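Observations on chain architecture
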Amino acid sequence: MNKDLFKQITDWQAETFPNTTDLSSATHLQKETQELINAIKYSDTENIHEEIADCFFLLFDVAKKSGLDFNQISYQIQLKLLVNKSRIWNKPDADGCVHHQK
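What comes next is a walk through the structure.

Focus on the nonpolar core
Among the nonpolar cores identified, the biggest contains six residues, and these are Leu-29, Leu-36, Ala-39, Ile-48, Cys-55 and Leu-58. Apart from residues lying up to four places away in sequence, Ile-48 is in contact with Leu-36, Ala-39 and Ile-40.

See below:
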């Protein structure tokens, strides 16, 4: 991902879907995430890749509609990586999810 591609995607989204909001895009993301989960469950590799792309598209839309440009979202990701690296992580739960200690 780079700044130009982020701009191309978010500009296209703004033009194509002018009435969406950060909330509507986040809600759509929930649905796409479920589609990704289903593709993983059924080992549908081609569909997994497409669903991952769909999720990123919607994340970028939410970021842009929340006021973040490419540099700002990149910075937030870098900050969160530092936070996550400093945390202590539990063992996976019954679903295989790993949560940090609180």
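Regarding helix H2 (residues 22-41)
Since there are 3.6 residues in each turn of an α-helix, residues three or four apart along the chain are aligned in direction. Relative to the 28 Å expected for 20 residues at 1.5 Å per residue, H2 spans 28 Å between its end C-alpha atoms, a close match to the ideal helical length. Within H2, burial applies to Ser-25, Leu-29, Glu-32, Leu-36 and Ala-39. Buried residues of H2, seen end-on, are gathered within an arc of 75° and therefore sit on one face of the element. Pointing more than 90 degrees away from the buried face of H2 are the exposed residues Leu-23, Gln-30, Lys-31 and Lys-41. One or two residues past the end of H2 sits Ser-43, with phi positive at roughly 50°.

A look at the packing of aromatic side chains
Counted under the stated rule, the structure contains five aromatic pairs. Ring centres of Trp-12 and Phe-17 lie 5.3 Å apart, and the angle between their planes is 90°; on these two criteria the pair is classed as edge-to-face. Overall, the relative accessible area of 42% leaves Trp-12 in the partly exposed class. Measuring from centroid to centroid gives 5.9 Å for Phe-56 and Phe-60, while their planes differ by 40°, and the two rings are tilted.

Overview of unusual backbone geometry
Positive phi outside glycine occurs at Ser-43, with the angle close to 50°. Mapped onto the secondary structure, Ser-43 falls in the loop between H2 and helix H3 (45-65). What makes Ser-43 exposed here is its relative accessible area of 57%.

Here's the deal with a negative patch on the surface
On the surface, a cluster of negative charge is contributed by Glu-35, Asp-44, Glu-46, Glu-50 and Asp-54. Broken down by element, the residue count for the negative patch peaks at three residues, all from H3. Residue placement: Glu-50 occurs in helix H3.

Notes on the side chain of Thr-10
With respect to the secondary-structure elements, Thr-10 resides in helix H1 (residues 3-16). With a relative accessible area of 4%, Thr-10 lands in the buried category. Of note is the side chain of Thr-10, whose polar atom sits 2.9 Å from the backbone oxygen of Phe-6. In contact with Thr-10, not counting residues within four places along its chain, are Phe-60 and Lys-64.

Focus on the state of the cysteines
Between two cysteines, a covalent bond joining their sulfur atoms is known as a disulfide. Tallying each qualifying case throughout the model produces zero disulfides. There is no disulfide at Cys-55, and the cysteine sulfur nearest it, in Cys-97, is 15 Å away. On the accessibility criterion, Cys-55 (9% relative accessible area) is buried. Overall, Cys-97 belongs to the partly exposed group, its relative accessible area being 36%.

What counts, and at which threshold
- Residues numbered from 1 in each chain as written.
- Predicted model: local features only at pLDDT ≥ 70, side-chain atom pairs only at ≥ 80, totals over all residues.
- Heavy atoms only, no water.
- Core = buried A, V, L, I, M, F, W, Y, C linked by side-chain atoms within 4.5 Å.
- Buried < 20%, exposed > 50% of the residue type's maximum accessible area, 1.4 Å probe, protein only.
- Contact = heavy atoms within 4.5 Å.
- Helix = DSSP H or I, 4+ residues; strand = E, 2+ residues; numbered from the N terminus.
- Expected span 1.5 Å × (residues − 1).
- Arc of directions from axis to C-beta.
- Phe/Tyr/Trp six-rings, centres within 6.5 Å; stacked < 30°, edge-to-face > 60°.
- Patch = residues over 30% accessible without salt bridge, like charges linked within 9 Å, V, L, I, M, F, W, Y side chains within 5 Å.
- Areas by Shrake-Rupley, 256 points an atom, 1.4 Å probe, with all protein chains shown as cover.
- Salt bridge = Lys/Arg side-chain N within 4 Å of Asp/Glu carboxyl O.
- Lys, Arg positive; Asp, Glu negative; His and termini not counted.
- Charge placed at Lys NZ, Arg CZ, Asp CG, Glu CD.
- Polar contact = N/O pair within 3.5 Å; in protein donor to acceptor, adjacent residues only side chain to side chain.
- Disulfide = S-S within 2.5 Å.

These figures come from the coordinates and say nothing about function on their own.
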